[in-house]
Amino acid sequence: MARVVVIMEILPSDPSTDLNDLVERIRGKLPEGFELKGFETKPVAFGLSLVKAMFVIPEEEGAPQKLEKIVNGFDEVEEVNVVAMTRL
């Protein structure tokens, strides 16, 4: 089965959120077949930073929406934007 790369920007709801901890908790909630391959933090404004994360997921119907729902399920996450999606 083919795999899909999804690049997401994850904006926390509070500037004091520990982004490394948030990423590790997201990694822990991913179902089998979903992987967090890497991430970087980028400053946005007024002390707020976002996480730009690269996920590899199965190419199956509903998988991107499932990933977005998992990431949005954390109280510390204000907004999730899918920046890019491509087949591997």
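Rules used throughout
- Residues numbered from 1 in each chain as written.
- Predicted model: local features only at pLDDT ≥ 70, side-chain atom pairs only at ≥ 80, totals over all residues.
- Heavy atoms only, no water.
- Helix = DSSP H or I, 4+ residues; strand = E, 2+ residues; numbered from the N terminus.
- Rg over C-alpha atoms; globule rule 2.2 N^0.38 Å.
- Buried < 20%, exposed > 50% of the residue type's maximum accessible area, 1.4 Å probe, protein only.
- Pairing = 2+ DSSP bridges.

Chemist: What should I look at first to understand the overall build of the chain in this one?
Modeler: In terms of helices and strands, the chain carries two helices and four strands. Each helix (α) and strand (β) of the chain, taken in turn from the N terminus, gives the series β-α-β-β-α-β. For the chain, whose C-alpha radius of gyration is 13 Å, the value lies close to the compact-globule estimate of 12 Å for 88 residues. Each principal axis of the C-alpha atoms in the chain carries an extent, and together these give about 45 × 20 × 20 Å. The burial tally for the chain puts 35% of its 88 residues in the buried class.

Chemist: In this structure, what is going on with the pairing of strand 1 (residues 3-12)? I would like to understand it.
Modeler: Consecutive side chains along a regular strand alternate between the two faces of the sheet. Among the 10 residues of strand 1, seven are classified as buried, and the element is accordingly described as predominantly covered. Here nine bridges tie strand 1 to strand 4 (residues 77-87), and the two strands are oriented antiparallel to one another. Pairing of Val6 across the sheet is with Met85, part of strand 4.

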